[in-house]
Amino acid sequence: MINISLTIRIALRAIKVNKMRSALTMLGIIIGVSAVITMVAVGSGAKQRIAEQISSVGSNLLMILSGTTTPGGVRMGMGTQPTLTFGDAQAIQRECPSVQYVAPTHGGAAQVIYGNQNWSTGITGTTPDMLYVRDWGLVSGRNFTDDDVRSAAKVCLLGKTVVDNLFGSVNPIGEVVRIKKVPFTVIGVLESKGQSPTGQDQDDVIYIPITTSQKKIFGTQFPGMVRIIMVKARSTEELSSAEKEITELLRQRHRIGPKQENDFTVRNLTQMMEAQEQSANVMTLLLGAIASVSLVVGGIGIMNIMLVSVTERTREIGIRMAVGAKTWDIRLQFIIEALTLSMIGGIIGIIFGVAVSEALSYFSGWKTLISPFSIALAFCFSAFVGVFFGFYPAYKASMLKPIEALRYE
Amino acid sequence: MALIDIRNICKTYDLGDVKVNALCGVSTVIDKGEFVAIMGPSGSGKSTFMNILGCLDTPTTGKYLLDGVDVEGLSRDDLAELRNKKIGFIFQGFNLLSRTSAIENVELPLIYAGMSSRQRRDLARQALDRVGLANRYNHLPNQLSGGQQQRVAIARALVNNAEIILADEPTGNLDTKTSVEIMELLVTLNQQSGITIILVTHEPDIALYGRRKIRFLDGSIVEDV
Ligand SMILES: Nc1ncnc2c1ncn2[C@@H]1O[C@H](COP(=O)(O)OP(=O)(O)O)[C@@H](O)[C@H]1O
Ligand SMILES: [Mg+2]
């Protein structure tokens, strides 16, 4: 068997002889590989963004809403028919073993004023556990307490967007803002969470004690009612048992008979977001697959050129056979030539693909993620394309009859 | 034991509607160290005969024993190895690899013999020195004259210590003076190294270099002296 480094030198020489042709053949692979790299980078960038958003919302979340989603008959929209109470939230915390934290909410939109600045935002009345439910920390100040809830204290936590719009560079802690003319003392500033998976600014928020919201800001004809109860399960595995426990408990508390529909809805936020993540996965796969098609087309280009090359070099093959080249000597020569073409194309394609991904995220703002894995994959794939599409021409060359090859005009 | 033992060989080309008998009932024995000139009119089967001797082609019927081995039972790769170790070819059209230097052309058989690059270089240099091309190692074929190209081909034929050199009209593309030089080189190889040389020519002057003369006509041997 002839040695590999020598065969590579022979291959490089053959490639150099037909520079233009080799370059065009490689172009197919370059486009294919860079398309794969770019598409996978875009796909995994999207996936990572969704994953970040999911973790920003909080993990293992359930959301309980008033009303029902059960189809059939005339029904009220979710959340319009207040059926959940503060007592329900406390009962869930007490009686559902799979539940870690519970935070009922009640609120609405309102204008907030500080000095001569104003800002319209969502005011959420809740309990101190909200920050644990959402895995949300404070950059400064403190959380409000159960005592604040009991006494309906006029204290608030501000999201970063609210702080930016009202205070600018002033330290908001201890300052007084007015919500619907009621003065509130700012006791804490929330960490920034960025966008939610649905594109909302999660930092555009004010948290106040739920009792304060019910009694002093958004008084309703249903005192003690809450809009939504947020629940954090102890673990991902316990999400569905938490869902079951809550449903049973609330049916019991609301005295719903066995044949009656629920007057509330339990939504598994984590599941919904994971479904989104899943769809991003599918998108990545799809983009990669589409890009791979162009790589296959590039491979066919290599095969085409190798077939031409074998025909052109029939005499050379004959000479080599006459002086003692064996079947695999000839095969290896052409396979390595195809491999060299595809690998050089692959390497250029990787560089090109990385550059395109970077440019794309720079100019369009899409997040792209180039993983070493996708680079390795593209590299191996282009090598595979070289061997796969080089084999048939190489096989054809090796099966020529020595005398016919020598006499070929 | 004879080096080459040909027994009743026929070669038929099937061209669909007609069958061409290129060789018909050829038998001969050639011993080690002989210098044979093969003559005959164009189309009489000389090249076909040489290709069979060189294991580049196989006879339709008949037996060919090379060094006592029946080549009929050998695989493609066995035949390749046989050509590599025992046989050197010289063609009318030189058949050098283009865009490949003289020394790399000469190294070719050694590559397929699996020799190290150092050894290859040394042997190829020696072979080129022997054919009088000591100062042309790195010339490309298109930078060499016809006679020089044929010398490179001879160097390639003898670099792996071939026992047999098969030369099919080696002087066909050369002028008289160069032809004489090439023939004298072959004679030297035959006399000094005992290489068996079988040479096809249709020029009577060239045939005189052979110590034995075989004449073909219509695919058969008609004279062997
Ligand atoms: N590949 C081939 N296919 C068909 N006929 C062939 C082939 N090679 C040679 N022949 C025929 O065989 C005969 C002998 O040819 P060849 O051995 O080349 O003659 P020479 O070398 O003596 O001129 C010729 O009639 C030629 O036409
Ligand atoms: Mg001939």
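Right above here is the structure, for reference.
How each quantity is defined
- Residues numbered from 1 in each chain as written.
- Chains lettered and ligands numbered in written order.
- Predicted model: local features only at pLDDT ≥ 70, side-chain atom pairs only at ≥ 80, totals over all residues.
- Heavy atoms only, no water.
- Salt bridge = Lys/Arg side-chain N within 4 Å of Asp/Glu carboxyl O.
- Helix = DSSP H or I, 4+ residues; strand = E, 2+ residues; numbered from the N terminus.
- Buried < 20%, exposed > 50% of the residue type's maximum accessible area, 1.4 Å probe, protein only.
- Pairing = 2+ DSSP bridges.
- Axes fitted to C-alpha atoms, helices over the stretch in contact; angles between N-to-C directions.
- Contact = heavy atoms within 4.5 Å.
- Near = heavy atom within 4 Å.
- Polar contact = N/O pair within 3.5 Å; in protein donor to acceptor, adjacent residues only side chain to side chain.
- Areas by Shrake-Rupley, 256 points an atom, 1.4 Å probe, with all protein chains shown as cover.
- Buried area = accessible area lost by both parts, 1.4 Å probe.
- Nonpolar A, V, L, I, M, F, W, Y, C, P; charged D, E, K, R; others polar.

Residue and element names in this part refer to chain A. In this structure the tally under the stated criterion is 26 salt bridges over all chains. One salt bridge in this structure joins Lys232 and Asp135, with 3.1 Å as the shortest N-O distance. Residue Lys232 is located in strand E9 (residues 228-233), and its partner Asp135 is located in the loop between helix H4 (130-133) and strand E4 (138-141); the two are separated by 97 residues in the primary sequence. Here Lys232 falls in the buried class, since its relative accessible area comes to 7%. Across the salt bridge formed by Asp148 and Arg142, the nearest N and O atoms sit 3.5 Å from each other.

Residues and elements named next belong to chain B. A sheet is described by the order of its strands in space; here 6 strands give the open sequence E6-E7-E8-E3-E9-E10, paired in mixed fashion. If you trace the sheet from one side to the other, it starts and ends with strand E6 (87-91) and strand E10 (220-224), each paired once. For this sheet the average axis-to-axis angle between neighbouring strands, irrespective of direction, equals 20 degrees. Contacting E6 and strand E7 (164-168), helix H2 (residues 76-86) runs over the sheet at an angle of about 80 degrees to E6. Lying on the sheet, helix H5 (residues 146-158) is in contact with E6 and E7; it crosses E6 at an angle near 165 degrees.

Our focus in this paragraph is the site of ligand 1. Residues in contact with ligand 1, as listed here, are Arg407 of chain A together with Tyr13, Leu15, Ala22, Pro41, Ser42, Gly43, Ser44, Gly45, Lys46, Ser47 and Thr48 of chain B. Mapping the residues adjacent to ligand 1 onto the chains of the assembly identifies chains A and B. Between ligand 1 and the protein, one listed contact pairs an oxygen atom with a backbone N or O atom of Lys46 of chain B at 2.9 Å. In isolation ligand 1 exposes 560 Å². Once the protein is present, 68% of that is buried. For the shell around ligand 1, the leading source of residues is helix H1 (residues 46-53) of chain B, giving 3 residues.

We now examine the interface of chain B and chain A. At the junction of the two partners, chain B supplies 24 residues and chain A supplies 25 residues. Buried area between chain B and chain A, summed over both chains or domains, comes out near 2,300 Å², and the portion from carbon and sulfur atoms is 54%. Looking at the side of chain B facing chain A, the largest losses of area belong to Leu56, Arg76 and Tyr112 of chain B, adding up to 30% of the total buried there. Where chain B meets chain A, there are 2 salt bridges. Where Glu104 of chain B meets Arg13 of chain A, a salt bridge forms, and the shortest distance between an N and an O atom there is 2.8 Å. At the boundary of chain B and chain A, one finds 9 residue pairs in polar contact (both at pLDDT 80 or more). When residues of the side of chain B that touches chain A are traced back to their parent elements, those giving at least two are H2, E6 and helix H3 (102-112) of chain B. Residues of the side of chain B that touches chain A, tallied by class, amount to 11 nonpolar, 4 polar and 9 charged.

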